[in-house]
Amino acid sequence: MANVIKLHKGLDIDLKGKPLKEKLPLKVGDDFALVPDSFVGIVPKLVVKEGDHVKAGDALFVNKQYPEVRFASPVSGTISAIQRGERRKLLCVKVKADKEQEFVDYGQKNVGAMDGEAVKKALLEAGLFGYIKQLPYAVSTAPDTQPKGIFVSALRDMPLSADFEYELEGSEKDFQTGLSALSRIAKTYLGIGSNQTATALTEAKDVEVNVFDGPCPAGNVGVQVNHLDPVNKGEVVWTVDPSAVIFFGRLFNQGRVDLRRTVAIVGSDVKKPAYADVLVGTKIGCLVDGNIETSHKTRIINGNVLTGTPCTTDDYLGAHTSEVTVIPEGDDADEMLGWILPRMNQFSVNRSYFSWLFGKKEYALDARVKGGERRIIMSGEYDKVLPMDIYGEYLIKAIITGDIDRQEALGIYEVAPEDFALAEFVDSSKLELQRIVRQGLDILRKENA
């Protein structure tokens, strides 16, 4: 019997543009790229050059600090471009895919006969180990860390999130193999939602299944870690996206790197919100071509509406991205009387608008912040949407002031930027809380190095 954990803090935002449970036929083309920024915390070092030919599973770059951590190409083809930014920062490695795909053969493996070191070695060799993150610091983990536990959250409950149960269909065996492989390294926890009924989730083997019942962000893996096995100073836990668990399972079952995943194309400015089977590194333009509104300016988001990053059609699908979201930009909105309008179609947490009188309804929100940055108001509003045993407002103040001792005392080792996504949404001070938390974690990581 799975352990049920009820959460009461949080906020569900009902947005227009939820995906239909059907898959779009896309013309993907032959332009792919792997983006190092998808793997937070690594320093990429190229191992290919323009004109080289690679197979799917060959390394495109490695982590300079840990060269054994390789990052596999999603396709076989020719290195068409290496794009750099300021100070020669590596932005992406582009691959022009072959018509006939070739895969590096890493050999099928029996996970039941492997120990933790063998599993780790196999993931490193195939260029998949970098898909494992860790707390503290919310970064791609290093191979010399020994986690006290591994956490997988199959519950996606952010606004317009992709349904993992739908993605799981047809990949149940690979998912279970991936879970079993992770359990060889450390005790593995699988978090699911109270409305998820797939047998591959509710009856998963070799893991401890926990049911989280509550509003968003109950699906955040950091929230689940906080309630099951909190991270103290000096401890490490690994967190793995459920899609990456499928990648791991395919490696052991098929002996090759297969980075196909089911991505949701969602948002109020998507003509037909649905799903698509694509590879990591697919060009964003291929996913939204002909399927977005053109009557006004739109914002395309590589990821979730609360945690993703703005992008263009020339960018590429991130390694951990499960949604591509399209919403109105809002900068062309011309509202007479401005803030004094009753705003029947605008969402408000504090009932500032009259829309709350109409009960539950879907909203088509745009990307406007609707206000400027100001001093922090100590109102407790972060705590209302942060179901963790930390004081969110005090932690943010400690990060801003650079008080490392206070940050540690207030639980910075337990949080990731995404845990503050809802707090950022409701914040009266209009602060970029996720950016502040990321900067605080980066500084702390350097101090403790």
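On a predicted model such as this, the values are computed, not experimentally measured, just so you know.

### Here we look at the overall build of the protein
Counting secondary structure elements, the protein contains 12 helices and 19 strands. Rg of the C-alpha trace for the protein: 22 Å, near the compact-globule value of 22 Å for 449 residues, within the 12% margin. For the protein, the C-alpha atoms occupy an extent of roughly 65 × 50 × 50 Å along the three principal directions. The buried share among the 449 residues of the protein stands at 55%. The contacts of the protein with a sequence gap of at least 6 include a subset with a gap of at least 24, amounting to 68%. As presented, the protein carries roughly 20400 Å² of accessible surface, and 48% of it is formed by carbon and sulfur atoms. The positive charge centre, built from 55 side chains, and the negative charge centre, built from 64, are 2 Å apart in the protein.

### Observations regarding the sheet that holds strand E13 (residues 208–213)
Strand order in this open sheet of 7 strands is E1-E13-E12-E11-E14-E9-E10, and the pairing throughout is mixed. Edge positions in the open sheet fall to strand E1 (3–6) and strand E10 (139–140), since each of these has one partner strand only. Where helix H5 (residues 221–228) meets the sheet, its contacts fall on E1, strand E9 (132–135), strand E11 (150–153), strand E12 (188–193), E13 and strand E14 (237–240), and the angle it forms with E11 comes to roughly 130 degrees.

### Overview of the nonpolar core
With 65 residues, the main nonpolar core has Leu128, Tyr131, Leu190 and Phe248 as its most contacted residues. Top contributing element to this core by residue count: helix H6 (residues 242–254), with 7 residues. Apart from the residues lying within four places of it in its own chain, the contact partners of tyrosine 131 are Leu34, Phe39, Ala244, Phe247, Phe248, Leu259, Val280, Ala319 and His320. One finds Ile5, Val139, Met388 and Ala423 within the second-largest nonpolar core, a separate group that totals 56 residues.

### Overview of the packing of helix H3 (residues 172–183) against H6
Running from N to C, H3 and H6 cross one another at 90 degrees; their axes reach a closest spacing of 7 Å. On the basis of the axis angle, H3 is roughly perpendicular to H6. On the side of H3, the interface is formed by Lys173, Asp174, Phe175, Thr177, Gly178, Leu179, Ala181 and Leu182, while H6 contributes Pro242, Val245, Ile246, Phe248, Gly249, Arg250, Phe252, Asn253 and Gln254. Of the residues that constitute the contact of H3 with H6, the class distribution is 9 nonpolar, 5 polar and 3 charged.

### Some thoughts on the sheet that holds strand E7 (residues 77–84)
One open sheet holds the 4 strands; their spatial order is E2-E8-E7-E4, and the pairing between them is antiparallel. The sheet is open, and its two borders are formed by strand E2 (31–34) and strand E4 (53–54), each paired with just one other strand. Bridge count for E7 against strand E8 (residues 90–97) is 7 bridges, and the pairing is antiparallel. Bridged to arginine 84 within E8 is leucine 90.

### Focus: the pattern of salt bridges
The final tally for this structure, using the stated rule, is 25 salt bridges. The partner of aspartate 241 in a salt bridge is arginine 156, with the nearest N and O atoms 3.8 Å apart. On the criterion of sequence distance, the pair formed by aspartate 241 in the loop between E14 and H6 and arginine 156 in the loop between E11 and helix H2 (164–168) is long-range, its members being 85 residues apart. Pair check on accessibility: aspartate 241 and arginine 156 agree, each one buried. Taken together, the shared-partner salt bridges connect Arg156, Glu167, Asp241 and Arg261 into one network.

What counts and what doesn't
- Residues numbered from 1 in each chain as written.
- Predicted model: local features only at pLDDT ≥ 70, side-chain atom pairs only at ≥ 80, totals over all residues.
- Heavy atoms only, no water.
- Helix = DSSP H or I, 4+ residues; strand = E, 2+ residues; numbered from the N terminus.
- Rg over C-alpha atoms; globule rule 2.2 N^0.38 Å.
- Buried < 20%, exposed > 50% of the residue type's maximum accessible area, 1.4 Å probe, protein only.
- Contact = heavy atoms within 4.5 Å.
- Areas by Shrake-Rupley, 256 points an atom, 1.4 Å probe, with all protein chains shown as cover.
- Lys, Arg positive; Asp, Glu negative; His and termini not counted.
- Charge placed at Lys NZ, Arg CZ, Asp CG, Glu CD.
- Pairing = 2+ DSSP bridges.
- Axes fitted to C-alpha atoms, helices over the stretch in contact; angles between N-to-C directions.
- Core = buried A, V, L, I, M, F, W, Y, C linked by side-chain atoms within 4.5 Å.
- Parallel < 35°, antiparallel > 145°, perpendicular 65-115°, else oblique.
- Nonpolar A, V, L, I, M, F, W, Y, C, P; charged D, E, K, R; others polar.
- Salt bridge = Lys/Arg side-chain N within 4 Å of Asp/Glu carboxyl O.

These results come straight from atomic positions and should not be treated as a statement about function.
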